[in-house]
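# Structural description and commentary
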Amino acid sequence: MANAASGMAVHDSCKLKFLELKSKRNHRYIIFKIEDQQVIVDKLGSPNASYEEFTSAFPSDECRYAVYDFDFTTDENCQKSKIFFIAWSPDSSRVRMKMVYASSKDRFKRELDGIQVELQATDPSEMSLDIIKARAI
């Protein structure tokens, strides 16, 4: 169902795939895109996909949303996991596209219950593995 403020609908498959990532851990990451006034699943990462595979899956000149299930070990040697929401908005993308993604982000994020950390990135260095690790702890 479209939201009056942003005019953006969220396809059911987005919520379904997110639940699979969160509870069944079927996916390491999900990349979403806006197409025909709705958010849809663009790419899925297998459970053993690397962080490099994830970052290379983003287009260099188009905006995307993504969730990434990050596993890490704490200083106390505990295995943990955090789900990151990343808003990818490269400088080279069109202004209109940036506006649409920016105005729809909060509503879309509310549909995905269980996100623990949010990142905004305009180039790959802003979502490097070091930044992800620092934000997870």
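In what follows, the accompanying structure is described. Owing to the predicted nature of the structure, the values given are computational and were not obtained by experimental measurement.

Definitions and cut-offs
- Residues numbered from 1 in each chain as written.
- Predicted model: local features only at pLDDT ≥ 70, side-chain atom pairs only at ≥ 80, totals over all residues.
- Heavy atoms only, no water.
- Helix = DSSP H or I, 4+ residues; strand = E, 2+ residues; numbered from the N terminus.
- Buried < 20%, exposed > 50% of the residue type's maximum accessible area, 1.4 Å probe, protein only.
- Contact = heavy atoms within 4.5 Å.
- 1 Å grid on protein atoms, 1.4 Å probe; cavity = no way out; pocket = protein on both sides within 12 Å on 5 of 7 lines; lining within 4 Å.
- Points joined across faces, edges and corners; volume = space filled by probe spheres on them.
- Nonpolar A, V, L, I, M, F, W, Y, C, P; charged D, E, K, R; others polar.
- Polar contact = N/O pair within 3.5 Å; in protein donor to acceptor, adjacent residues only side chain to side chain.
- Pairing = 2+ DSSP bridges.

Mapped onto the fold, Ile30 is located in strand β2 (residues 29–35). Accessibility expressed as a relative area gives 0% for Ile30, which makes it buried. Each C-alpha atom, one on Ile30 and one on Ser103, is 20 Å from the other, the two residues being 73 residues apart in sequence. The residues touching Ile30, leaving out its near neighbours within four places in the chain, are Lys17, Phe18, Leu21, Val41, Lys43, Leu44, Tyr65, Ala66 and Val67.

Attention now goes to the layout of surface pockets. Of the voids in this model, the largest pocket is the one considered here, and its volume is about 230 Å³. In terms of lining, the largest pocket is formed by 15 residues, of which the most central are Ile34, Arg96, Met97, Val100 and Tyr101. For the lining of the largest pocket, the elements supplying multiple residues, two or more each, are β2 and α3 (95–111). Ranked by residues supplied to the lining of the largest pocket, first place goes to α3 with five residues. Per-class residue counts for the lining of the largest pocket are five nonpolar, three polar and seven charged.

The next point concerns the environment of Asp123. Within the secondary structure, Asp123 is located in the loop between β6 (117–121) and α4 (129–136). Along the sequence, Asp123 and Tyr68 sit 55 residues apart, while their C-alpha atoms lie 17 Å from each other. A distance of 2.4 Å separates polar atoms of two side chains, one belonging to Asp123 and the other to Ser125.

Below, the discussion takes up the pairing of strand β3 (residues 38–45). As a general feature of sheets, a regular strand has side chains that alternate between the two faces. Direction of pairing for strand β1 (residues 9–10) relative to β3: parallel, over a ladder of two bridges. What sits directly across from Val10, in β3, is Val39. Joining the antiparallel neighbours β2 and β3 is a turn of two residues, in which Asp36 adopts a positive phi near 50°.

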